[in-house]
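# Understanding the architecture of this molecule
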Amino acid sequence: MSAIRRAEKKYTQRLPDNILKRNWGIITIIAAFIILCLILVEAAGLQLIFSDGAGYYSYLPAVFIDHDISMKTLFEETKNIAMDYLNRGPIDESVSVHPNSYTTGVAIMQVPFFLCAHLIAILTNMWPADGISWPYQVSVFIAQVFYACLGLAFTYKLLQKYYDKNIALFATTSIAFATGLIFYSAFGGSFSHAFSFSAIALFLYSSVYAHEQGKLVYHLLAGMLLGLVTCCRVINIVFVLFYVLYGVETWETVKKKVLDKKVYLQFFAGFLGFILVFSIQMAYWKYAYGGWLVNSYVGATFSWSKPHVLEVLISAGRGLFIWHPIFIIAAIGIPYVKEHMNTAKFGLYFSVLAYVYVTSAWDCWWYGSSFGQRTFTDSLSVAALFIAAASTHFLECSLKKRRLIRGITLSAAVIVLIVYNVGFAIANQEGMYQHEDINSYSYSEFYQVHDMWARNIGTITNRHLFSGRIGERRDVNLKYIPHFDSGIETEEGHLSRSAEFLCFGPYVWVDPGTYQISVYYSTDEVQEGLSSVGTVTVNAGNDTRTIEQISLPMNETLVEFEIQFDKKTDLTQVVIFAETAGVLLRGYSVTRVG
C-alpha cells in the first residue's frame, strides 16, 4: 500500500462515524429546504443586502473594493440604498474612522462567496464591481442558504449521537421548516441568523466530539468555532456554558473535573482557539472605538434586573411560543433531555437559561421589524435536541399500534405547523406583520390580523409567488388601510399596512428597450375632494434612483406611460404609493413595446 493510500486511510478512520456515508433522509430535507428557499427568494427578489444585514456585510466592500477599513469611503460614496441605512448622519471629518456597530462574524463567513462574486463582476464586465450589484446579491443568498444547510447537517449529526435516526430526521425537519430559519434563509438577506445557526451547530457538535476524543486539537477547533459564534453575535457567547459544563452529571463529576490537570489543558486549548478568532473582532473594536472590549450598540439599553421574559416567550407581539408554536414541543422536551444526554444536560440547561435571560434583558425585546423572535433562530440546534427528547418520550409505548397512532398524530401536528409557518413567513414578507408597533398588540388584535391572513392566504400566496414578472396581473386586489380595527371587512382581497404597493419587482433585471407600464386601480372608497391619491414610481440601478414618477388622478381607473432603458438594468421596481386610505390596487402590466 502506498504511503498516500495509508495516510488517506488513517485520516478517514479518524473522522466521526458515518460522516462519509450517504444519508438520503437528511439529503432529502436539505434538498427540499434549498428548493423552497429558491421559490421564495425568486418571488421576493434578490435585494438581500439591507437593514442590519448591510451592516454585517459592509466590511467586505470596505476591505476588498475600497481598501478602507475606516469605512469613510463607503459612506461618503453612498453607493446604494442598502448602505444608506448605515449612514445615520453626516461624516465627521475630524475623525478618521466611521465605526461599524455590527460585528465581523457574518462577513468572515461570507468572504469566499463575496470573492467569487467580485471575480465574476470583474471578468465578465456585465455588472459593476461595486459590492452591491446582482452577483453580490446572489452570493449573499448562496452563502446564507449554504450555511443554513450546513447547520442542518451538523444538527442532524449531533442528534444521531443521542437519538434514533428517525427522531433525528423528524427534529431536523421541524427546525428547518417550522421556525424562522426558512424566513431568514430566503428573505433575511445578510442578517446574522442563518450564519449564527450554522456556527452554533458546528460548535455544539465539535464540543461533544472534543470531549469524547479528549485531544487538544479538537478543543482548539471548538474554541475557534466559539470565537466565530461570538463574532456573529456577541450574546451567543453564552453557549460557552455547554462546552465548560459538558460531562458534569453529579457533584462528584464536578470535583473530578476540578482535580484533573488534563481538563485545564483542554480548556486552555479551547480558550486559545477562541482568542485566535475573536481577536479579529477585538482588533476592529480597538481600531474603531479605542478599546479591546466595547459595547458598540450605541443607544441600546438593557433591563438586567427586570428582563422581559414573558413578553419574549408568550406575548402576541413576537412571543416565541405564539409566533413559532414548534417551540412548545421543544419546551416540553426540556425535562426529558437528561434521559438521553446526561453528560450534556447541565450545559444545555444553563446555556438556555442564560440565552433567554440575555435576550429578554434588551429593552427592544421584539428586535425591530422581525419575523417572530428572530434571535432564537440562532439556537435552533438546541431546540432540535429538546424536540427530539419530547418526541421520543411521546412515542415511548409498549404497544406497537399505539406507537403508530402517536407517530401519525405527532407527524400530522408538525406538518400543520410547517404549513402555518411557511404561509406566515410569506404574509410577514408581504408586510402584514413586519411593522414594529405589532409588539404592543393584544392577543385579540394579533389574531384579528391572523384571521385576515388566513381568510386571504390564497390571494397572498398567489400574489407573492407569481408577482415580479414582466406581464399582466389583473387580480391583485390589494387595499391600503393604514390601521386595522375590529370593524374592517374586505371582500376584495387582503389588506396592506404599507402605503407602498409593489407592482413589479422587487429588484429584477430589465433588458434594454421601451416598456409600457399600466396600473389599474380604484378610488371608490377614497374621500372626495382630492385631485391625486398617490404616485407610480419607477426605481432602477444600484442606487435605486427614481427614473420616473407619475401621479394617480382621483376618479380614474388606469394610468399608462412608457419608460426607456438604454442598457440592461438591475434592481428595477415599479411601486404605487398610496397617499390616502381606501386606494385599491387592482392590477398592473409591464409590456415591452420596442
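Look up: the structure comes first, before these words.
The residue numbering used here restarts from 1 in each chain and proceeds along that chain's sequence as written. In keeping with the model being predicted, local features are shown solely for residues with a pLDDT of at least 70 and side-chain atom pairs are shown and tallied solely at 80 or more, while totals for entire chains, interfaces and linings include all residues. Only hydrogens and water are set aside; all other atoms, that is, all heavy atoms of the structure, feed into the side-chain values.

### Some remarks on the nonpolar core
- One finds Phe33 and Tyr163 to be the most contacted residues of the largest nonpolar core, which totals 127 residues.
- Throughout, a contact is declared for two residues whenever any of their heavy atoms are within 4.5 Å. Those residues in contact with Phe33, other than ones at most four positions away along the chain, are Ala148, Cys149, Leu152, Ala176, Phe177, Leu181, Ile182 and Ser185.
- Here, the term nonpolar core denotes a set of buried Ala, Val, Leu, Ile, Met, Phe, Trp, Tyr and Cys residues that are joined through side-chain atoms within 4.5 Å. Burial here depends on accessible area, computed with a 1.4 Å probe over protein chains only, as a share of the maximum for the residue type. Under 20% is buried, over 50% is exposed, and the range in between is partly exposed. Counting residues in each nonpolar core, the second largest holds 23 residues, with Val559, Val574, Val583 and Leu585 among its members.

### Considering the environment of Ser196
- One can find Ser196 in helix α11 (residues 193–213).
- A residue is classified by how much of its surface remains accessible, and Ser196, at 1% relative accessible area, is buried.
- Along the sequence, Ser196 and Cys231 sit 35 residues apart, while their C-alpha atoms lie 9.1 Å from each other. Each helix corresponds to a stretch of at least 4 residues labelled H or I by DSSP, and each strand to a stretch of at least 2 residues labelled E; elements are numbered beginning at the N terminus.

### Thoughts on the pattern of salt bridges
- Here, a salt bridge means any Lys or Arg side-chain nitrogen found within 4 Å of an Asp or Glu carboxyl oxygen. Within the structure shown, the criterion is met by four salt bridges.
- Between Asp52 and Arg374 there is a salt bridge, with the nearest N and O atoms lying 3.4 Å from each other. One end of the pair, Asp52, is in helix α3 (residues 51–57); the other, Arg374, is in the loop between α19 (345–361) and α20 (380–395), and 322 residues separate them in sequence. Accessibility assignment for this pair places Asp52 and Arg374 in one class, buried.

### With respect to the packing of aromatic side chains
- Each aromatic pair joins two rings of Phe, Tyr and Trp (for Trp, the six-membered one) with centres within 6.5 Å, and gets the label stacked for planes under 30 degrees apart, edge-to-face for over 60, and tilted for any other angle. Under the definition given, this model contains 37 aromatic pairs.
- Relative to Phe376, the ring of Phe327 lies with its centre 6.4 Å away and its plane at 75 degrees, an arrangement referred to as edge-to-face. Taken together, the positions of Phe327 in helix α18 (residues 326–333) and Phe376 in the loop between α19 and α20 put the pair 49 residues apart, joining distant regions of the chain.
- Take Phe376: its relative accessible area is 6%, and that puts it in the buried class.
- Measuring from centroid to centroid gives 5.4 Å for Phe371 and Phe424, while their planes differ by 80 degrees, and the two rings are edge-to-face. In this pair, Phe371 is assigned in the loop between α19 and α20 and Phe424 in helix α21 (residues 400–429), connecting sequence segments 53 residues apart. The pair formed by Phe371 and Phe424 is uniform in burial state, with each residue classed as buried.
- One Lys or Arg, Arg406, reaches over the ring of Phe394 and ends 5.5 Å from the middle of that ring. A ring is considered to have a charge above it if a Lys NZ or an Arg CZ atom is located within 6 Å of its centre and within 35 degrees of its normal.

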